[in-house]
Amino acid sequence: MTGDMATVTGNRGLVIEEPLIFEQGSPAKCGVDLPDPADKPDRLGGLARSGAIGLPGLSEPEVVRHYTRLSQKNYAIDAGFYPLGSCTMKHNPRLNERMARLPGFADLHPFQPQATVQGALAVMHHLSDWLLGLTGMEAVALSPAAGAHGELCGMQAVRAALDARGEDHRRTVLVPDSAHGTNPATAALCGFKVRGIPGDATGRVDVAAFKAALDDTVAGVMLTNPNTCGLFERDMVELAEAVHAAGAYFYLDGANFNAIVGRVKIADLGVDAMHINLHKTFSTPHGGGGPGAGPTVLSAALAPFAPLPHVVAEGDGVRLIEHIEGDMQPFGRMKGFHGQFGVFVRALSYMMSLGRDGLRQASGDAVLNANYLMARLGDTLTASFEGPCMHEALFDDRFLKGTGVSTLDFAKAMIDEGFHPMTMYFPLVVHGAMLMEPTETESRETLDAFCDAVLALAAKARAGDAAFFTEAPRHTPRRRLDETKAARTPVLRWEPPAPARAAE
Ligand SMILES: *Cc1c(COP(=O)(O)O)cnc(C)c1O
């Protein structure tokens with residue numbers, strides 16, 4: 001911290017400058033009083049440690065403060081608006097958390113006999129029913145642990161189906177240029193070659209280019225709808241028919257399901273597999289690494305290859321099928337045990353408390369809120385494509401042309417103003433992308449405060465105040481970081497300073 005922003009301590013307000021835990025305390029200190037161990041014979045065969053253990057020595061209040069201060073430096077949806085496009089960062093009703101913490105759910109063990117966990121299996125069965133009802137699909141695999149894992153599940157099912165048909169020469173997967181990076185990564189991980197398909201001038205997949213790429217080497221296509229430009233792919237049925245006529249399978253990336261829940265029946269689009277990010281659409285705290293869940297719905301063509309386990313209603317109860325029965329041809333398992341059960345409980349709680357009408361209203365409100373941003377910002381920022389958007393509004397950096405301010409600079413200045421930035425530089429199909437997804441849970445007041453800040457910053461950039469942006473953020477604990485250096489040469493290990501080492 002330099003200039004008139006500096007304080008003598010380095011702390012600002014009551015925001016404390018926090019060293020690493022290893023830089024605090026001293027190895028000689030201990031948070032608990034334990035009697036010295038009695039003189040016992042060494043049973044370690046001469047392998048006992050000879051040097052200092054190197055753990056930080058702190059008291060309990062020091063440890064509590066350290067982690068509390070770190071947590072206060074973390075931004076979260078519970079702290080404020082989180083307009084990160086493609087991520088669906090919406091409020092997570094506390095009711096869902098209450099349900100997931102019920103001892104009958106939270107204290108289960110996956111090895112318990114099925115007769116003792118009938119309630120939990122019923123939750124999984126109800127959740128399956130809801131997901132099949134909302135999509136119209138034939139089967140659902142609950143176990144994938146996240147969206148990307150669901151993609152892997154769907155594409156493994158495609159591979160298994162092709163192998164069963166004896167068509168292992170089909171090894172190409174078509175992916176639009178605007179796709180989330182997980183799509184080509186999934187295809188590659190399943191042993192497929194990825195072929196990119198360009199978009200058209202409206203921001204949707206180029207139908208002619210798509211059809212021209214379909215031949216008998218194509219295993220499948222992976223499309224996102226609404227797509228990552230925030231637009232509905234209108235030609236889904238025509239595309240699906242062409243895919244099937246070419247003998248391939250149609251994977252739909254369902255990460256943006258929040259925009260169409262209760263409005264579009266996925267099966268009607270001709271889809272063979274789609275993952276659903278429960279942590280996005282059906283409300284689970286996410287970001288920071290999970291946990292999430294990516295149940296994958298399958299068409300009749302792919303259902304026989306669904307991974308184990310299966311959950312089936314039988315008589316008065318529910319049975320978990322862990323081994324092949326009848327004509328099942330599972331490609332394997334996605335995960336140990338049964339999936340992210342706590343996320344299942346949250347999703348079912350969310351669905352049952354909103355009901356079908358509530359879910360339909362939520363998707364409508366999510367689209368309405370995004371179009372509110374589009375309407376308020378669209379004359380100042382440059383919208384990448386014409387017309388109303390779905391659940392997210394995409395702008396590019398043409399409005400910053402000639403100002404010396406980049407999308408990155410603009411985002412850094414937003415942090416100073418108290419707003420988490422939108423998604424930047426994704427999708428790759430527009431220059432300097434700014435992708436904003438407000439979700440249905442934000443109020444008009446919050447959206448207005450956000451728009452006011454963005455419009456004021458845009459005016460400042462146009463007025464020629466580039467330094468205001470290139471020096472931002474000014475009010476964060478670490479100001480502007482060298483992100484390239486951080487990514488290329490990350491410092492992941494703390495080394496004790498030289499004198500301390502000498503003293504060991
Ligand atoms: C979030 C997202 C994914 C990946 O989902 P994870 O749960 O993060 O693995 C895939 N595709 C799109 C379009 C997404 O937004």
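Residues numbered from 1 in each chain as written. Predicted model: local features only at pLDDT ≥ 70, side-chain atom pairs only at ≥ 80, totals over all residues. Heavy atoms only, no water.

As annotated in an unreviewed UniProt entry, the protein carries the name glycine dehydrogenase (aminomethyl-transferring) and is attributed to Roseospira navarrensis. Regarding the protein, the relevant UniProt record gives this comment under Catalytic activity (unreviewed entry): "N(6)-[(R)-lipoyl]-L-lysyl-[glycine-cleavage complex H protein] + glycine + H(+) = N(6)-[(R)-S(8)-aminomethyldihydrolipoyl]-L-lysyl-[glycine-cleavage complex H protein] + CO2". The UniProt entry for the protein carries the following comment under Function (unreviewed entry): "The glycine cleavage system catalyzes the degradation of glycine. The P protein binds the alpha-amino group of glycine through its pyridoxal phosphate cofactor; CO(2) is released and the remaining methylamine moiety is then transferred to the lipoamide cofactor of the H protein." (UniProt positions renumbered as here; feature names shortened; annotations may be inferred.)

K.L.:
Would you take a moment to explain the overall build of the protein for this structure?
P.N.:
If you tally the helices and strands in the protein, you get 15 helices and 13 strands. Looking at the protein as a whole, 47% of its 504 residues qualify as buried. Long-range contacts, defined as pairs at least 24 residues apart, comprise 70% of the intrachain contacts of the protein with a sequence gap of at least 6. The average position of the 45 basic charges and that of the 58 acidic charges among the side chains of the protein differ by 4 Å. (Helix = DSSP H or I, 4+ residues; strand = E, 2+ residues; numbered from the N terminus. Buried < 20%, exposed > 50% of the residue type's maximum accessible area, 1.4 Å probe, protein only. Contact = heavy atoms within 4.5 Å. Lys, Arg positive; Asp, Glu negative; His and termini not counted. Charge placed at Lys NZ, Arg CZ, Asp CG, Glu CD.)

K.L.:
Just to check I follow, could you spell out the UniProt feature "domain: Glycine dehydrogenase C-terminal" (unreviewed entry) in the protein for this structure?
P.N.:
Per the UniProt record, "domain: Glycine dehydrogenase C-terminal" (unreviewed entry) is found at residues 363-461. Helix and strand shares over residues 363-461 are 43% and 11% respectively, and the end C-alpha atoms of the span are 34 Å apart.

K.L.:
Whenever I open this one, the nonpolar core confuses me. Can you help?
P.N.:
Soluble globular proteins: nonpolar side chains tend toward being buried together. If you look at the biggest cluster of nonpolar residues, it comprises 61 residues, and the most contacted ones within it are Leu-131, Phe-210, Leu-214, Phe-257, Ile-266, Leu-278 and Phe-282. Those elements giving two or more residues to this core turn out to be helix 4 (118-135), helix 7 (207-212), strand 4 (218-224), helix 8 (236-245), strand 5 (249-253), strand 9 (317-321) and helix 10 (341-377). Tallying contributions element by element places helix 10 first for this core, with 11 residues. When residues of this core are assigned to domains, at least three map to each of domain 1 (95-352) and domain 2 (355-488). If near-sequence neighbours (up to four positions away) are discounted, Leu-131 is found in contact with Val-140, Leu-142, Ile-276, Leu-278, Phe-282, Pro-295, Val-297 and Met-351. Among the nonpolar cores identified, the runner-up in size contains 31 residues, and Met-374, Leu-400, Val-454 and Phe-469 belong to it. (Core = buried A, V, L, I, M, F, W, Y, C linked by side-chain atoms within 4.5 Å. Domains from an automatic or database assignment.)

K.L.:
What is the right way to read the packing of helix 4 against helix 10 from this model?
P.N.:
Helix packing geometry: the angle between the two helix axes and the distance between the axes. Helix 10 packs onto helix 4 with a crossing angle of 45° between their chain directions and a minimal axis gap of 10 Å. Looking at the two axes, helix 4 sits oblique to helix 10. Handedness of the crossing formed by helix 4 with helix 10: left-handed. Residue-level contacts link Ala-120, Val-123, Met-124, His-126, Leu-127, Trp-130, Leu-131, Gly-133 and Leu-134 of helix 4 to Phe-341, Phe-344, Val-345, Ala-347, Leu-348, Met-351, Met-352, Gly-355, Arg-356 and Leu-359 of helix 10. (Axes fitted to C-alpha atoms, helices over the stretch in contact; angles between N-to-C directions. Parallel < 35°, antiparallel > 145°, perpendicular 65-115°, else oblique. Left-handed = near helix turned anticlockwise from the far one by under 90°.)

K.L.:
Is there a simple way to explain the sheet that holds strand 11 (residues 393-396) in this structure?
P.N.:
Backbone hydrogen bonds are what pair the strands of a sheet, in a parallel or an antiparallel way. Spatial strand order, 10-11-13-12: 4 strands in an open sheet with antiparallel pairing. Only two strands of the sheet have a single neighbouring strand rather than two, namely strand 10 (382-383) and strand 12 (423-424). As defined by bridge partners, strand 11 adjoins strand 13 (residues 434-436) across 3 bridges and the pair is classed as antiparallel. Across the sheet, the residue bridging to Leu-394 is Leu-435, located in strand 13. Where helix 10 meets the sheet, its contacts fall on strand 10, strand 11 and strand 13, and the angle it forms with strand 11 comes to roughly 30°. (Pairing = 2+ DSSP bridges.)

K.L.:
So what exactly am I meant to see when it comes to the site of the ligand here?
P.N.:
The full set of residues close to the ligand is Ser-86, Ala-146, Gly-147, Ala-148, Glu-151, His-180, Thr-182, Asp-253, Ala-255, Asn-277, His-279 and Lys-280. Measuring from an oxygen atom of the ligand, one finds a backbone N or O atom of Gly-147 at 2.8 Å. Take Ala-148: an N or O atom from its main chain is 2.8 Å from an oxygen atom of the ligand. When isolated, the ligand has an accessible area of 380 Å², and the protein chains bury 86% of it. Of all the secondary-structure elements, those providing two or more residues to the shell around the ligand are helix 5 (147-164) and helix 9 (278-281). Classifying every residue of the shell around the ligand gives 3 nonpolar, 6 polar and 3 charged. (Near = heavy atom within 4 Å. Polar contact = N/O pair within 3.5 Å; in protein donor to acceptor, adjacent residues only side chain to side chain. Areas by Shrake-Rupley, 256 points an atom, 1.4 Å probe, with all protein chains shown as cover. Nonpolar A, V, L, I, M, F, W, Y, C, P; charged D, E, K, R; others polar.)

K.L.:
Help me understand the UniProt feature "domain: Aminotransferase class V" (unreviewed entry) in the protein, please; the structure alone is not making it clear to me.
P.N.:
With numbering aligned to this structure, UniProt lists the feature "domain: Aminotransferase class V" (unreviewed entry) at residues 167-287. For residues 167-287, helix accounts for 23% and strand for 21%, while the C-alpha atoms at its two ends are 39 Å apart.

K.L.:
Sorry, what's going on with the environment of Val-430 here?
P.N.:
Its location among the elements puts Val-430 in the loop between strand 12 and strand 13. For Val-430 and Leu-394, which are 36 residues apart along the polypeptide, the C-alpha to C-alpha distance reads 9.0 Å. Not counting the four nearest positions on each side in its chain, Val-430 is found in contact with Ser-384, Phe-385, Leu-394, Phe-395 and Asp-396.

K.L.:
Got a minute to help me understand the domain arrangement of the protein in this structure?
P.N.:
One frequently used descriptor of interface size is the decrease in accessible area upon assembly of the parts. You can read the domains of the protein as domain 1 (95-352) and domain 2 (355-488). Centre-to-centre separation of domain 1 and domain 2, based on C-alpha positions: 30 Å. Residue-level contacts link 29 residues of domain 1 with 22 residues of domain 2. Counting each side, the surface lost to burial between domain 1 and domain 2 is near 2,000 Å², with a carbon and sulfur contribution of 60%. In terms of surface lost to domain 2, no three residues of domain 1 exceed Cys-229, Asn-258 and Arg-263, which account for 25% of the buried area on that side. Connecting domain 1 to domain 2 are 0 salt bridges. Summed over the shared surface of domain 1 and domain 2, the result is 9 residue pairs in polar contact (both at pLDDT 80 or more). Broken down by class, the residue content of the side of domain 1 that touches domain 2 amounts to 15 nonpolar, 11 polar and 3 charged. (Buried area = accessible area lost by both parts, 1.4 Å probe. Salt bridge = Lys/Arg side-chain N within 4 Å of Asp/Glu carboxyl O.)

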